[in-house]
Number of protein chains: 2
Amino acid sequence: MLQTRLCSLPSGSALRRYKPSVPNSSCYTRHYARFNSTQADIQASRVQVELSQTRKPRPDPATLSFGKVFTDHMLTIPWKASSGWGAPQIHPYRPFTLDPSVGVFHYAQCLFEGLKAYRDETGKVTLFRPDMNMKRMNTSAQRIALPAFNADEVIELMKQLIRLDKDWIPNVPGYSLYIRPTMIGCQPAIGISPPGEALLFVICSPVGPYYPDGFKPVALYGTTEYSRAAPGGIGAYKLGANYAPGLVAQKEAAKKGYVQNLWLYGPEHYVTEVGTMNAFAVFKQPDGTIEIATPPLDGMILPGVTRDSVLNIARDHVAGKYKVADLPDKLVVSERQMTMREVKEAAQSGNLVEFFGTGTAAVISPVDRIGYLGEDIHIPTGPDGMGPISRPIWQQLVGIQTGTIEHPWSVVVM
Amino acid sequence: MLQTRLCSLPSGSALRRYKPSVPNSSCYTRHYARFNSTQADIQASRVQVELSQTRKPRPDPATLSFGKVFTDHMLTIPWKASSGWGAPQIHPYRPFTLDPSVGVFHYAQCLFEGLKAYRDETGKVTLFRPDMNMKRMNTSAQRIALPAFNADEVIELMKQLIRLDKDWIPNVPGYSLYIRPTMIGCQPAIGISPPGEALLFVICSPVGPYYPDGFKPVALYGTTEYSRAAPGGIGAYKLGANYAPGLVAQKEAAKKGYVQNLWLYGPEHYVTEVGTMNAFAVFKQPDGTIEIATPPLDGMILPGVTRDSVLNIARDHVAGKYKVADLPDKLVVSERQMTMREVKEAAQSGNLVEFFGTGTAAVISPVDRIGYLGEDIHIPTGPDGMGPISRPIWQQLVGIQTGTIEHPWSVVVM
């Protein structure tokens, strides 16, 4: 129902379209409404650049841990309801000064995105599908009454920021620069209302490979005590509000010996997501056909960029547009609901080929065990930790991301 | 299920008990776990006071709008996972300086409370049931892996803060000082994990009466497009994450000509909450008995202090402990589920006596109309805007809050 609502918003945005090959997520491909046209939109040409006078020491790639070290510069763009978006500023990384009454401290007026900049051997720097992140950031903003913005202009500004801090991308294979666009409500007033002031900012952090020593399949806890999302809620948006409530569930799963939560929904225990990733299962159908399945974008599922990329790669392969080596020709690609009962029965009958999560951080995260209602469901993985379907898709996807395979998804920064 | 989990936590807290007279919310009356005993708890005796060198001008009560003006001082108490709670500080109201990577900007690591300090004609200043707010703040903190704390010590510190800024309570009947305790996660790292740093802070804002010109019944929009909470979610906790997602629904209700959302749940359209208030309905039963009903604390309902007070006042009246003038003796007090179908049918048959919301801001907010599936359900209100059951309960409650009726719920500040 939420999806319908979004679809009916007036068009006119300068957001890029992306080529849909996912029938029931076509809503997500439409243009999105922007704010009142009398207000200023974001304009990259107005950027004010203040260079850092000092350069921080680069961290040692060998001891890098995720998201603790940030580059020399950051991007901030202020917004006011009265005037719209102000001049973008690229300036030294520094703290914010905020009144204790601002909405982000009280009412979770915050959302974020995550994407990576890659540098190849020739020094070329690329972003992977930044239009998808900016599109989702706009839908997230609208879901909590924060302002929309011109996505292309923010992509241009992110490129400028990355060019400035390009030397922060470790010159080591598998490393990249994690880009974190964020938006917060910052009107100094504790009345509960759409914020009259907001701030879009982008910070960057060098990151290492998710699996430095090869794939490590993870064990999931099929979580029935907590739920991640519900119809009419916010599960389809990358809002801060989806993340704080998951920490306790994650801690409890860890205590039970599992790495992440497998989020289920309803008395039927529909599979929804894996920790902070989208969920995929691969089934062998009675006639031997392989089906790669993920829950549909029904309003409870985050429209993941990696999820969409996996689906597109598989569909393009099936359609013969772009053959992926080692992937079976006869493949069914499904966005459909699946219950834990189906997953369990498939595992027991030997027809569950794989189970994995997808996300920007890990790309593909194979699963070898799901704890469910007191027993463990065991899932096969290959000797390298991956399965026969996810391995070739992962190779294709990482090839595109790192530039060894040419593809329009890879957007050149410099 | 969540309620059960909380109940099973080890006891040992210094939190005050409150006297339960609500059978199925007894879980809420238990002690709550605190953090590791090797860490420091909050100690009011360690407070460091820095007085403001300047006094801000007091706002004109006649033009005061909610939550935009704050008093001269505030309370902050830092926490670190390694050492526990640091020394509390009462200091001039001033902005925070926070790294762009802190959890509250990205993952909604925030929660809050709201209570009021009243000043009577003799100059006596009181708080209304602050133990209830501190107890709930502890349960909210634990729900998102933020630290618990000694509630009595924070009440003592709030009293000190209020004593310092007592002159900010406008000397006009119906006015009070709104106290806003808040907690945020502020570890500078974007990995999604329980925060290693947090800040508890309290700010104060003078407020006027919610209905300066007498009660104005409100129209609600029975919301089927969005949901506020779901089983296994966070509806029972006063987390920021419950508030940002409601703004868009509120805007849409306003566009349709309604003041607030009536939050419903599930295909049965169970009544849950009213905007940011608890929901009450008053029914006339077939034998003429009056039933005052509110949804049970099933994990989706915020355990409101005003909700609990209304239930207690009505139950004490029925039990003969404390008679409320003008309230019928034969009264049934129910915490039970009710569907929109029941509410609608009762309205149509003339058996819906009242419908109202309860909360700290408005105390009781009468409802005269509910838009539901395309038609309006009309609800009777008296000539003063209130109904025959809520009016005497409101008088009793406000009497206790403002000190004209003596009651242990009123806690003396000075």
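Since the structure is predicted, the reported quantities are computational estimates derived from the model, not experimental observations. (Residues numbered from 1 in each chain as written. Chains lettered and ligands numbered in written order. Predicted model: local features only at pLDDT ≥ 70, side-chain atom pairs only at ≥ 80, totals over all residues. Heavy atoms only, no water.)

1. Description of the overall build of chain A
Stated formally: Runs of H or I in DSSP of at least four residues are treated as helices and runs of E of at least two as strands, each being numbered from the N terminus. A radius of gyration in this sense is built from C-alpha atoms; the matching globule rule multiplies 2.2 Å by the number of residues raised to 0.38. Each residue is assigned to one of three classes by its accessible area relative to the maximum for its type, calculated with a 1.4 Å probe on protein chains only: buried under 20%, partly exposed between the two thresholds, exposed over 50%.
Summing up its helical and strand segments, chain A has 8 helices and 20 strands in all. For chain A, whose C-alpha radius of gyration is 21 Å, the value lies close to the compact-globule estimate of 22 Å for 414 residues. Dimensions along the principal axes, computed over C-alpha positions, put chain A at roughly 60 × 50 × 45 Å. Per-residue burial for chain A yields a buried fraction of 61% across its 414 residues.

2. Structural notes on the domain arrangement of chain A
Residues and elements named next belong to chain A. Stated formally: Domain delimitation in this document rests on an assignment produced automatically or drawn from a domain database. The contact criterion used throughout is that any non-hydrogen atoms of two residues lie within 4.5 Å. Two parts lose some accessible area (1.4 Å probe) when they are put together, and adding that loss for both gives the buried area. Any carboxyl oxygen of Asp or Glu within 4 Å of a side-chain nitrogen of Lys or Arg constitutes a salt bridge here. A 3.5 Å cut-off defines polar contacts: any pair of N or O atoms within that distance qualifies, except that in protein one atom must be a possible hydrogen donor and the other a possible acceptor, and neighbouring residues in sequence count only when both atoms are side-chain atoms. We call Asp, Glu, Lys and Arg charged. Ala, Val, Leu, Ile, Met, Phe, Trp, Tyr, Cys and Pro are nonpolar, and the rest, Gly among them, are polar.
Entries for chain A in the domain assignment read domain 1 (44–207) and domain 2 (218–402). Between the C-alpha centres of domain 1 and domain 2 there is a distance of 29 Å. Tallying the contact residues gives 20 residues for domain 1 and 21 residues for domain 2. Of the roughly 1,800 Å² buried where domain 1 meets domain 2, counting both sides, 63% is carbon and sulfur surface. Area buried by domain 1 at its contact with domain 2 is led by Phe128, Arg136 and Arg143, which between them contribute 35% of it. Our count for the domain 1 to domain 2 interface comes out at 1 salt bridge. Run the count over domain 1 and domain 2 and you get 9 residue pairs in polar contact (both at pLDDT 80 or more). Listing elements by their share of the side of domain 1 that touches domain 2, those giving two or more residues are strand 6 (110–112), strand 7 (115–119), strand 8 (125–128) and helix 3 (130–143). Of the residues forming the side of domain 1 that touches domain 2, the biggest block, 6 residues, is contributed by helix 3. Residue composition of the side of domain 1 that touches domain 2, by class: 9 nonpolar, 5 polar and 6 charged.

3. Here we look at the environment of valine 172 of chain A
Turning to its location among the elements, valine 172 of chain A is positioned in the loop between helix 4 (151–164) and strand 9 (176–185). For valine 172 of chain A and aspartate 120 of chain A, which are 52 residues apart along the polypeptide, the C-alpha to C-alpha distance reads 9.5 Å.

4. Some words on the pattern of salt bridges
A side chain of one charge can pair with a side chain of the opposite charge if their charged atoms are brought near each other. Residue and element names in this part refer to chain A. For the coordinates displayed, the defined rule picks out 34 salt bridges over all chains. The closest approach of N and O atoms between glutamate 156 and arginine 163, which form a salt bridge, is 3.9 Å. Glutamate 156 gets classed as partly exposed once you look at its relative accessible area, which sits at 28%. For arginine 163, a relative accessible area of 30% gives the class partly exposed. Two residues, arginine 336 and glutamate 291, come together in a salt bridge whose shortest N-O distance is 2.7 Å.

5. Quick word on the packing of aromatic side chains
Note the cut-off: Ring pairs shown here join Phe, Tyr and Trp side chains whose ring centres sit within 6.5 Å, with only the six-membered ring taken for Trp; geometry is labelled stacked below 30 degrees between planes, edge-to-face above 60, and tilted in between. Geometrically, a charge over a ring is one whose NZ (Lys) or CZ (Arg) sits within 6 Å of the ring centre while staying within 35 degrees of the ring normal.
Applying the stated criterion across every chain yields a total of 28 aromatic pairs over all chains. Relative to phenylalanine 201 of chain A, the ring of phenylalanine 96 of chain A has its centre 4.8 Å away and its plane inclined at 70 degrees; by these criteria the two rings are edge-to-face. With a gap of 105 residues between them, phenylalanine 96 of chain A in strand 5 (residues 96–98) and phenylalanine 201 of chain A in strand 10 (residues 197–207) connect regions that are remote in the sequence. Ring geometry for tyrosine 107 of chain A versus phenylalanine 112 of chain B: centroids 5.2 Å apart, planes at 90 degrees, classification edge-to-face. Placement of the pair is tyrosine 107 of chain A in the loop between helix 2 (103–106) and strand 6 and phenylalanine 112 of chain B in strand 6 (residues 110–112), with the two residues belonging to separate chains. Phenylalanine 112 of chain B matches tyrosine 107 of chain A in its accessibility class, with the two residues each being buried. Here the aromatic residues Phe96, Phe105 and Phe201 of chain A together with Phe96, Phe105 and Phe201 of chain B are joined through ring pairs into a cluster of three or more. The positively charged end of arginine 143 of chain B is found above the aromatic ring belonging to tyrosine 237 of chain B, 5.8 Å away from the centroid.

6. Observations concerning the environment of leucine 111 of chain A
Of note, leucine 111 of chain A is situated in strand 6. In contact with leucine 111 of chain A, other than residues within four places in its own chain, are Met137, Ser140, Ala141, Ile144, Leu146, Pro181, Thr182, Met183, Lys238, Leu239 and Gly240 of chain A.

7. Remarks on the packing of helix 3 (residues 130–143) of chain B against helix 4 (residues 151–164) of chain B
Residue and element names in this part refer to chain B. Note the following rule: Lines fitted to C-alpha atoms define the axes here, with helix axes fitted over just the stretch in contact, and angles between the N-to-C directions of these axes take values from 0 to 180 degrees. The labels follow the angle: roughly parallel below 35 degrees, roughly antiparallel above 145, roughly perpendicular from 65 to 115, and oblique for the rest. By definition, turning the near helix anticlockwise from the far helix through less than a right angle yields a left-handed crossing, and turning it clockwise yields a right-handed one.
One way to put it is that helix 3 packs onto helix 4 with a least axis distance of 9 Å and a crossing angle of 125 degrees. Overall, the two elements helix 3 and helix 4 adopt an arrangement that is oblique. In this structure, helix 3 crosses over helix 4, and the sense of that crossing is right-handed. On the side of helix 3, the interface is formed by Pro130, Asp131, Met134 and Asn138, while helix 4 contributes Ala151, Val154, Ile155 and Met158. Split into classes, the residues belonging to the contact of helix 3 with helix 4 amount to 6 nonpolar, 1 polar and 1 charged.

8. What about the relation of the copies chain B and chain A?
As a reminder, the rule being used: Alignment of copies: least-squares fit on C-alpha atoms of residues with pLDDT of at least 70 in both copies.
For these two chains of identical sequence, chain B goes onto chain A by a turn of 180 degrees and a shift of 0.0 Å along the axis, with RMSD 0.0 Å. Taken together, the turn and the small shift mark the pair as related by a two-fold rotation axis. Of the interface residues in chain B, 100% have counterparts in chain A that sit at the interface too, so the contact is made through matching surfaces.

9. Let's talk about the state of the cysteines
Worth spelling out the cut-off: The term disulfide is used for any two cysteine sulfur atoms that are within 2.5 Å.
This structure, assessed with the given rule, holds 0 disulfides over all chains. For cysteine 110 of chain A, which is in no disulfide, the shortest distance to another cysteine sulfur is to cysteine 110 of chain B and amounts to 6.4 Å. Cysteine 110 of chain A sits in the buried class, given a relative accessible area of 0%. Distance from the sulfur of cysteine 186 of chain A, which forms no disulfide, to the nearest cysteine sulfur (cysteine 110 of chain A) is 12 Å.

10. Side note on helix 8 (residues 390–402) of chain B
Residue and element names in this part refer to chain B. Using the following cut-off: A helix is expected to reach a length of 1.5 Å times the quantity of its residues less one.
Over its 13 residues, helix 8 runs 18 Å from end to end, which matches the ideal 18 Å to within 8%, given 1.5 Å per residue. Residues Ser390, Pro392, Ile393, Gln396, Leu397, Gly399, Ile400 and Gln401 constitute the buried set of helix 8. Glycine 403 lies just past helix 8 and shows a positive phi near 95 degrees.

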